[in-house]
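# Structural overview
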Amino acid sequence: MKQVEARYYEKLPNNRVRCLLCPARCAISPGRLGLCRVRRNIDGILVAEAYGQLVTLALDPIEKKPLYHFMPGKPILSTGANGCNFRCPFCQNWTISQSKADTVYYSPEDLAEISARGGSVGIAFTYTEPLVWFEYVLDCARLLKKMGKAVVLVSNGYINEEPAREIFPFVDAANIDLKSSSADFYKKICMGNLDDVLRTIRLAREYQIKVELTNLLIPGKNDSEKDLTDIVDLVAAIDPLIPFHISRYFPNYEYSYPPTPISILDRAVAIARQKLAYVYPGNYIRESDTRCPKCGLILVKRQGYSIELPYGRVTVCPGCNREVDVIW
Ligand code: SF4
């Protein structure tokens, strides 16, 4: 295992350290790990233990991230590490985020070298939380940008401002989970903080990152009529043009509630479409084409992860000349 000193921490008395990477601000005693389980205090030095340790590497359609407005139809090599700074009891990837899976070491140069494999447009850091893998993702992202490759994050958005400002110039697109509009939900269920996530979303947009949001609807937890309207208002207040994915929950990890009823998902989509231009159902089958918000023309037709482009990779809508909100 490569021992890389973590960025963003301070030393405390008695060889303890405080990690300053994310808002959890863990105070860590010698030998112990932070909340994310991948940053360890070794004799008063904070070490990023997951550096280069990949749990998986797969060529995915970019739609699977999900990203619908960034390079539609292109494959992207996707990877992730162990660890997460949230504790969501419904985690759909808990075997790697909340537990320790076997890993294989790839240096940033190794990863950059294979980033075009199978027609991949770059690297997506996904599956678990890439921002607690900060040092490795930053080193890879710098290399990939030099090569002109795409860098994608699929993240919970829980990072402090200073490190976010360091890494965001090297990121092209991100899907950020917006788990709820309720601060209580974040605090009690995820052990996180809504305001910090909202700050990250705004910051990512400030750096011209193509941001899409995902809301996983969990029965009885964040799917009341008020939840559905509040979250849409929250997104609309940031920008009604942000692509918004409403995703179906399935029982996993500590939650055994049944899957989200389709009627609730359809209701959520209908509410969202009143205020947001691009609303996409996820994890269940419904129409998820990208339409021009002005004239309604279908610009990207989707079936599962496959797409058709009725007018090709157009930058203005052939129906009304409105600029198309897609990076091809
Ligand atoms: S990144 Fe990990 S160790 Fe650092 S503050 Fe966040 S949860 Fe704690």
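Residues numbered from 1 in each chain as written. Predicted model: local features only at pLDDT ≥ 70, side-chain atom pairs only at ≥ 80, totals over all residues.

## Topic: the domain arrangement of the chain
The domains assigned to the chain are domain 1 (9-48), domain 2 (53-288) and domain 3 (289-328). On a C-alpha basis, the centres of domain 1 and domain 3 stand 47 Å from each other. (Domains from an automatic or database assignment.)

## Re the site of the ligand
Around the ligand lies a shell formed by Cys 19, Leu 21, Cys 22, Ala 24, Arg 25, Cys 26, Gly 34, Leu 35, Cys 36, Arg 39, Asn 85 and Val 132. The class makeup of the residues in the shell around the ligand is 8 nonpolar, 2 polar and 2 charged. (Near = placed C-beta within 6 Å. Nonpolar A, V, L, I, M, F, W, Y, C, P; charged D, E, K, R; others polar.)

## A word on the nonpolar core
Ranked by internal contacts, the top residues of the largest apolar core, which has 92 residues, are Val 132, Cys 140, Val 152, Ala 174 and Phe 244. No other element matches the 7 residues that helix 3 (residues 134-146) contributes to this core. Residue contributions to this core reach at least three from each of two domains, namely domain 1 (9-48) and domain 2 (53-288). In contact with Cys 140, other than residues within four places in its own chain, are Pro 108, Leu 111, Ala 112 and Ile 123. (Core = buried A, V, L, I, M, F, W, Y, C linked by C-beta atoms within 7 Å. Buried ≥ 20, exposed ≤ 12 C-beta atoms within 10 Å, placed from the backbone. Helix = DSSP H or I, 4+ residues; strand = E, 2+ residues; numbered from the N terminus. Contact = placed C-beta atoms within 7 Å.)

## Quick look at the sheet that holds strand 2 (residues 17-19)
Ordered in space as 1-2-3, the 3 strands form an open sheet in which the pairing is antiparallel. Two strands in the sheet have a free side with no partner beyond their single neighbour: strand 1 (9-11) and strand 3 (27-28). In the sheet, strand 1 pairs with strand 2 via 3 bridges, with the strands oriented antiparallel. Each bridged residue has a counterpart across the sheet, and for Glu 10 the counterpart in strand 2 is Arg 18. (Pairing = 2+ DSSP bridges.)

## With respect to the environment of Lys 294
As for its position among the elements, Lys 294 is in the loop between strand 16 (290-291) and strand 17 (298-303). For the pair formed by Lys 294 and Gly 319, sequence separation is 25 residues and the distance between their alpha carbons is 9.1 Å. Residues in contact with Lys 294, not counting those within four places in the same chain, are Cys 317, Cys 320 and Arg 322.

## So, helix 5 (residues 183-190)
Of the positions making up helix 5, those classed as buried are Tyr 186, Ile 189 and Cys 190. Taken end-on, helix 5 shows its buried residues confined to a sector of 105°, consistent with a single buried face. Exposed residues lying more than 90 degrees from the buried face of helix 5 are Ala 183, Asp 184, Lys 187 and Lys 188. Buried-residue contacts for helix 5 involve helix 6 (194-206). Met 191 sits one or two positions beyond helix 5 and adopts a positive phi of about 65°. (Arc of directions from axis to C-beta.)

## What to know about unusual backbone geometry
For the bond running from Lys 65 to Pro 66, omega is -5°, close enough to zero to count as cis. Its location among the elements puts Pro 66 in the loop between strand 7 (56-61) and strand 8 (75-80). At Asn 15, a residue that is not glycine, the phi angle is positive and equals roughly 65°. Considering the arrangement of structural elements, one finds Asn 15 in the loop between strand 1 and strand 2.

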